[in-house]
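Close look at the chain arrangement
Residues per chain, in single letters:
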Amino acid sequence: MSSQNMAPTDCMKPSDLSAEKKGIKRKNWRNRIRFLWTNSSKSILHPMKNRSYRPSVDDVNQWEQSFDKLLAHKYGKAAFRIFLKSEFCEENIEFWTTCENYKTLTSQKDLLSKANTIYEEFIKSEAPKEINLDFNTKNAIAQSLNAPTATTFQAAQKKIYSLMEKNSYPRFINSDLYKELCAVASGKSKLVKY
């Protein structure tokens, strides 16, 4: 199959993992949430430290209403990233976030530098955090690198957003991680000892 005809796919599906790896995956997200809960003065989940930084029940429930609401919330995005990491595809949210930051650049020098960095990190074949894009999208980006604009990565960002919204986001909402976050926010679960 040529890369021109490849349809973008999302992360590794849970059914692709052995039972042993599923256990590791669950343990990893629990450890990451526990770490965020206990080690940050601005922790996303620590109920005893700086309560204003803990997402409320309403915050966590809103993440289920739309993907936009999840990404708009600092800690919703952090929880989603933890989930994506457990599915071996955190490069999607990293790319999307990097593009959001890229769009705020104003000087041509900054655009040129950052565009090349993004291309090297996410777009080119065999990039360290290569995202799954079709040949035409990758080619259009490569051709624009000499004179990038704030919209250079717009098509790619939309494709990755759509991929996350249609595939990863529903799995996140149905995941044990999200259920645990809801339980913790409502006080029905204690992820860590206080």
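Up top is the structure these notes are about.
I will try to describe carefully the structure that is included in this document. (Residues numbered from 1 in each chain as written. Predicted model: local features only at pLDDT ≥ 70, side-chain atom pairs only at ≥ 80, totals over all residues. Heavy atoms only, no water.)

1. What to know about the overall build of the chain
Scanning the chain from terminus to terminus reveals nine helices and zero strands. Written out in order from the N terminus, the α and β elements of the chain read α-α-α-α-α-α-α-α-α. The proportion of buried residues among the 194 residues of the chain is 41%. A separation of at least 24 residues holds for 62% of the contacts in the chain among residues at least 6 apart in sequence. Accessible area for the chain stands at about 10800 Å²; split by element, carbon and sulfur atoms hold 50% of it. (Helix = DSSP H or I, 4+ residues; strand = E, 2+ residues; numbered from the N terminus. Buried < 20%, exposed > 50% of the residue type's maximum accessible area, 1.4 Å probe, protein only. Contact = heavy atoms within 4.5 Å. Areas by Shrake-Rupley, 256 points an atom, 1.4 Å probe, with all protein chains shown as cover.)

2. A short note on the packing of helix α5 (residues 91–102) against helix α8 (residues 154–173)
Relative orientation of the contacting elements α5 and α8 amounts to 140°, with a least axis distance of 10 Å. In this view, α5 runs oblique relative to α8, as classed from their interaxial angle. Considering how the two elements wind past one another, α5 and α8 form a crossing that is left-handed. Facing α5, whose interface residues are N92, I93, F95, W96, C99 and E100, α8 presents A156, Q157, I160, Y161, L163 and M164. Among the residues forming the contact of α5 with α8, the class breakdown is nine nonpolar, two polar and one charged. (Axes fitted to C-alpha atoms, helices over the stretch in contact; angles between N-to-C directions. Parallel < 35°, antiparallel > 145°, perpendicular 65-115°, else oblique. Left-handed = near helix turned anticlockwise from the far one by under 90°. Nonpolar A, V, L, I, M, F, W, Y, C, P; charged D, E, K, R; others polar.)

3. Side note on the packing of aromatic side chains
In the structure shown here, the tally under the stated rule is ten aromatic pairs. Ring-pair connections join several aromatic residues into one group, and the members of that group are F67, F80, F83, W96, Y161, Y169, F172 and Y178. (Phe/Tyr/Trp six-rings, centres within 6.5 Å; stacked < 30°, edge-to-face > 60°.)

4. Here's the deal with the nonpolar core
Counting residues in each nonpolar core, the largest one holds 40 residues, and the members touching the most others are F80, F95, I123, F153 and F172. For this core, the elements supplying multiple residues, two or more each, are α2 (57–63), α3 (67–72), α4 (74–86), α5, α6 (108–123), α8 and α9 (176–185). Of all the elements, α8 adds the most residues to this core, at eight residues. With near-sequence residues (within four places) excluded, F95 lies in contact with I118, F122, I123, I131, F153, A156, Q157 and I160. (Core = buried A, V, L, I, M, F, W, Y, C linked by side-chain atoms within 4.5 Å.)

5. Notes on helix α7 (residues 135–144)
Listing the buried residues of α7 in full gives T137, K138 and I141. Down the axis of α7, the sector holding all buried residues measures 100°, keeping them to one side. Across from the buried face of α7, at angles greater than 90 degrees, the exposed residues are N136 and Q143. Looking at the buried residues of α7, the elements they touch are α6 and α8. N-cap assignment for α7: the residue whose side-chain oxygen lies 3.2 Å from the backbone N of N136 is D134. (Arc of directions from axis to C-beta. Polar contact = N/O pair within 3.5 Å; in protein donor to acceptor, adjacent residues only side chain to side chain.)

6. Regarding the side chain of T98
Residue position: T98 is located in helix α5. Relative accessible area serves as the criterion here: at 15%, T98 is assigned to the buried category. For T98, the contacting residues outside a window of four places in its chain are K114, I118 and F122.

7. Concerning the environment of E100
Summarising the element assignment, E100 is placed in helix α5. Between the alpha carbons of E100 and A150 there is a distance of 9.8 Å; along the sequence they are 50 residues apart.

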